[in-house]
Amino acid sequence: MVSSSDWFFVLLVAFLLQCLVVSASALTSTKYIDQLCQMESIKDRAFCLQTLRTYPPAVSATALFPLAEVVLLGVGVPYANLLMQSADRAAEKVPALKEQFKQCQDSYVSIVMNLKAAASELKLSPISANYDTMVCFDQTTRVYNLIGKNKDSTSKSLMEMTMHMEKLIHLAVGATEVVGGRKHKR
């Protein structure tokens with residue numbers, strides 16, 4: 001008959017083996033994220049690691065190319081779409097700044113288009129994809145020039161979101177570089 005201490009030992013070994021397997025798969029699944037977050041264009045490595053390690057499609061990427069697609073289409077585009085919607089709501093909320101917010105919305109539309117273009121070019125021309133991600137910074141600069149000095153809470157909130165978008169653009173630039181896009185000076 002098996003004693004309770006023997007069962008405890010068996011359960012302990014099974015648990016430890018499970019932890020080792022999970023740890024090994026976690027190391028494998030984040031190696032591409034770690035590689036991307038080490039790119040020179042990534043200004044905030046902690047942000048990069050936190051953002052991608054907590055996003056299941058990024059963690060499950062099986063190579064650098066699929067990770068780059070996840071960054072562009074799964075992270076960058078949805079956030080830029082959120083900004084488009086936020087700018088539209090801001091235009092309704094603050095009628096006096098409606099035109100400025102509509103121009104901000106146009107900038108976010110351009111970011112979405114550029115990130116989608118980058119994703120479509122990623123395989124055949126990572127250098128073109130890199131360029132398309134870099135020009136997204138022109139749009140965030142445009143937003144800053146339009147509403148960056150405004151004192152109202154709606155503008156400030158949209159600016160905070162735009163600064164977050166800039167961090168995501170840095171991830172997108174790094175994603176294009178890690179698959180072969182050269183670094184453009186910015």
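Residues numbered from 1 in each chain as written. Predicted model: local features only at pLDDT ≥ 70, side-chain atom pairs only at ≥ 80, totals over all residues. Heavy atoms only, no water.

As recorded in an unreviewed UniProt entry, the protein chain goes by Pectinesterase inhibitor domain-containing protein and comes from Capsella rubella.

What follows deals with the overall build of the protein chain. Each helix and strand counted, the protein chain has 8 helices and 0 strands in total. Ordered by position from the N terminus, the helices and strands of the protein chain form the series α-α-α-α-α-α-α-α. Considering only contacts in the protein chain between residues 6 or more positions apart, those separated by 24 or more positions represent 72%. Here the protein chain has roughly 10,400 Å² of accessible surface; of this, 61% comes from carbon and sulfur atoms. (Helix = DSSP H or I, 4+ residues; strand = E, 2+ residues; numbered from the N terminus. Contact = heavy atoms within 4.5 Å. Areas by Shrake-Rupley, 256 points an atom, 1.4 Å probe, with all protein chains shown as cover.)

This brings us to the environment of Met161. Mapping Met161 onto the fold places it in helix α8 (residues 153–178). By relative accessible area, which is 18% here, Met161 ends up buried. The contact partners of Met161, leaving out residues within four places of it in the chain, are Tyr79, Leu82, Leu83 and Ser86. (Buried < 20%, exposed > 50% of the residue type's maximum accessible area, 1.4 Å probe, protein only.)

Here the idea is simple: oppositely charged side chains can pair when their charged atoms come close. Tallied over the entire structure, the rule returns 3 salt bridges. Between Arg53 and Asp34 there is a salt bridge, with the nearest N and O atoms lying 2.4 Å from each other. Of the two residues, Arg53 sits in helix α2 (residues 45–53) while Asp34 sits in helix α1 (residues 4–37), which places them 19 residues apart along the sequence. A salt bridge links Lys102 to Asp88; its shortest N-O distance comes to 2.8 Å. Taken as a pair, Lys102 in helix α5 (residues 98–121) and Asp88 in helix α4 (residues 64–93) lie far apart in primary sequence, 14 residues in all. Residue classification places Asp88 among the partly exposed residues on the basis of a relative accessible area of 26%. (Salt bridge = Lys/Arg side-chain N within 4 Å of Asp/Glu carboxyl O.)

Applying the stated criterion across every chain yields a total of 0 aromatic pairs. One residue, Lys123, lies across the ring of Phe65, its end atom 5.6 Å from the ring centre. Cation over ring: Lys167 sits above Phe47, and NZ or CZ is 5.1 Å from the ring centre. (Phe/Tyr/Trp six-rings, centres within 6.5 Å; stacked < 30°, edge-to-face > 60°. Lys NZ or Arg CZ within 6 Å of the ring centre and 35° of its normal.)

What follows deals with helix α7 (residues 136–147). Helical periodicity: at 3.6 residues per turn, an α-helix aligns residues three or four positions apart in one direction. Taking 1.5 Å of rise per residue, the 12 residues of α7 would be expected to cover 16 Å, and the 17 Å separating its terminal C-alpha atoms lies within 8% of that figure. Where α7 is buried, its residues touch α5, α6 (126–134) and α8. (Expected span 1.5 Å × (residues − 1).)

As a further point, take the environment of Gln85. Tracing the sequence through the fold places Gln85 in helix α4. Taking the C-alpha atoms as reference, Gln85 lies 7.8 Å from Gln105; in sequence the two are 20 residues apart.

Structurally, the position occupied by Gln139 is in helix α7. Here Gln139 falls in the buried class, since its relative accessible area comes to 16%. Ignoring any residue separated from it by four or fewer positions in sequence, one finds Gln139 in contact with Ser107, Ser110 and Ile111.

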